[in-house]
Amino acid sequence: MYRFLLTPRWWGINVFVLLAIPFCIFMGSWQLGRFEDRVQDHRTADKAASAAKTDPARPLAGMLPVTTQTSGKQTLATGRYGKQLLVPDRELDGRRGFYVLTLLRVDGGKALPVVRGWLPGAADPAKAPAAPGREVTVTGALQASESPGSNGVSTAGGLPSGQTAAISAASLVNLVPYTPYDAWITLDKADAGMKAVPPAAPQNTGLDLKAFQNLGYTGEWFVFAGFVVFMWFRLLRREVEFARDAELGLFPDAGPGEGNTSGSASVPETGAGDTDGEGEDTTVDRAGDRARDEAAADATPSTTA
């Protein structure tokens, strides 16, 4: 009855199942690992943020480049303020406003973007206080360059002169006459009545939508593996039922033990299409009635000479 398992069609099905199940399990485990990594990164970032409040500030040169370990850490730099820009459409405490971003020129000719504070309302240069003209030493939380679309960064273009959507070296290099660092800081204490901007967590370290997407993908891959197993048993059951019906003579065109290689069964004229339904029982009953009639006829003596 199970000889159909040796047919080329079933060899292909079995090979597919044997490859698909480990692949689905591997992908599900990988997605689960990604979620666990994000959870661990989130915990590490929380610990780093707590430690940053008590750790002493370190010179900027020893904190670059910005990594998940140095992001949010306190750093200090000395120089003179230069060109000032506004960063519109930034939210703080549930209100819309803008950052006041000033470039701090340090030794070596490079400039460090410094967010001196936040002001409510539309970005207006008249509202932004001027930066001190003397040499200053600033202390703030180190941050990695922003990318459009992340952490509330606007993707809008065509901003007025003196504004930038993202705080990054790629965005600032065409707006200022000096080379900016691929990093920026937000002051612990804002200047001139502005509100200090709290540091943001490093990208891909929080339990955000992407983290829970990884968890959802984990469930999907394991469901796929279960679905492959379910479909294999379903196909096997159909083939066994067809072979059983063929052995009972319900399908004259099929020999005993032959599987349904075409995927569809020819339906007897006397029965319904469902081999598990009422048609099969009716066909078997009629076959039994014919056998009993023939036996009775053979047992009756002939009356003709």
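See the structure above.
Residues numbered from 1 in each chain as written. Predicted model: local features only at pLDDT ≥ 70, side-chain atom pairs only at ≥ 80, totals over all residues. Heavy atoms only, no water.

What follows deals with the overall build of the protein. Helices and strands together make up the secondary structure of the protein, namely four helices and seven strands. Across the protein, helices and strands are ordered from the amino to the carboxyl terminus as α-β-β-β-β-β-α-β-β-α-α. For the protein, contacts bridging at least 24 residues in sequence account for 64% of all contacts bridging at least 6. Here the protein displays about 18000 Å² of accessible surface, and carbon together with sulfur accounts for 57% of that area. (Helix = DSSP H or I, 4+ residues; strand = E, 2+ residues; numbered from the N terminus. Contact = heavy atoms within 4.5 Å. Areas by Shrake-Rupley, 256 points an atom, 1.4 Å probe, with all protein chains shown as cover.)

Time to look at the environment of Thr70. Inspection of the secondary structure assignment puts Thr70 in the loop between strand S1 (58-59) and strand S2 (74-92). For Thr70, a relative accessible area of 15% corresponds to the buried category. Once residues within four sequence positions are removed from consideration, Thr70 is found in contact with Met63, Pro65 and Leu142. At 2.8 Å, the side chain of Thr70 and the backbone nitrogen of Thr67 are in polar contact. (Buried < 20%, exposed > 50% of the residue type's maximum accessible area, 1.4 Å probe, protein only. Polar contact = N/O pair within 3.5 Å; in protein donor to acceptor, adjacent residues only side chain to side chain.)

The next point concerns the pattern of salt bridges. Pairing is possible between side chains of opposite charge, provided their charged atoms come close. The final tally for this structure, using the stated rule, is six salt bridges. Across the pair Glu146 and Arg90 runs a salt bridge, and its minimum N-O distance is 2.8 Å. Taken as a pair, Glu146 in the loop between strand S5 (135-144) and helix H2 (169-172) and Arg90 in strand S2 lie far apart in primary sequence, 56 residues in all. Of the two residues examined, Glu146 and Arg90, each falls in the buried class. Ionic pairing is found between Arg116 and Asp191, a salt bridge with its closest N-O pair at 3.1 Å. A residue pair is termed long-range when its members are at least 10 positions apart, and Arg116 in strand S4 (residues 110-120) and Asp191 in the loop between strand S7 (183-187) and helix H3 (209-247) qualify at 75 residues. (Salt bridge = Lys/Arg side-chain N within 4 Å of Asp/Glu carboxyl O.)

This part covers the pairing of S5. Moving residue by residue along a regular strand, the side chains alternate between the two faces of the sheet. Bridge count for S2 against S5 is seven bridges, and the pairing is antiparallel. By the bridge assignment for S5, Arg80 is matched with Glu135. Direction of pairing for S5 relative to S7: antiparallel, over a ladder of five bridges. Paired with Leu142 across the bridge in S7 is Ile185. (Pairing = 2+ DSSP bridges.)

Our next topic: a nonpolar patch on the surface. Among the surface-exposed residues, Leu6, Trp11, Val15 and Leu19 lie close enough to one another that they form a single nonpolar patch of about 460 Å² accessible area. Looking at where Val15 falls in the secondary structure, it is placed in helix H1 (residues 8-52). Look at Val15 and you get partly exposed, because its relative accessible area is 41%. (Patch = residues over 30% accessible without salt bridge, like charges linked within 9 Å, V, L, I, M, F, W, Y side chains within 5 Å.)

This next bit is on the packing of aromatic side chains. Per the counting criterion, the structure on display carries four aromatic pairs. Taking 6.3 Å as the distance between ring centres and 85° as the angle between the ring planes, the aromatic pair formed by Trp10 and Trp232 counts as edge-to-face. Of this pair, Trp10 sits in helix H1 while Trp232 sits in helix H3, and the two are 222 residues apart along the sequence. Since its relative accessible area comes to 1%, Trp10 is described here as buried. An angle of 85° between the planes, with centres 5.0 Å apart, marks the rings of Trp232 and Phe233 as edge-to-face. Ring pairs connect the aromatic residues Trp10, Trp232 and Phe233, which therefore count as one cluster. In this structure, Arg116 packs its charged tip against the face of Tyr81, placed 5.7 Å from the ring centre. (Phe/Tyr/Trp six-rings, centres within 6.5 Å; stacked < 30°, edge-to-face > 60°. Lys NZ or Arg CZ within 6 Å of the ring centre and 35° of its normal.)

Further remarks concern the environment of Ala169. Tracing the backbone through its elements, the reader meets Ala169 in helix H2. Its relative accessible area of 17% is what places Ala169 among the buried residues. Ala169 sits 25 residues away from Ala144 along the chain, and the two C-alpha atoms are 10.0 Å apart.

Any link to function would need more than the numbers given here.
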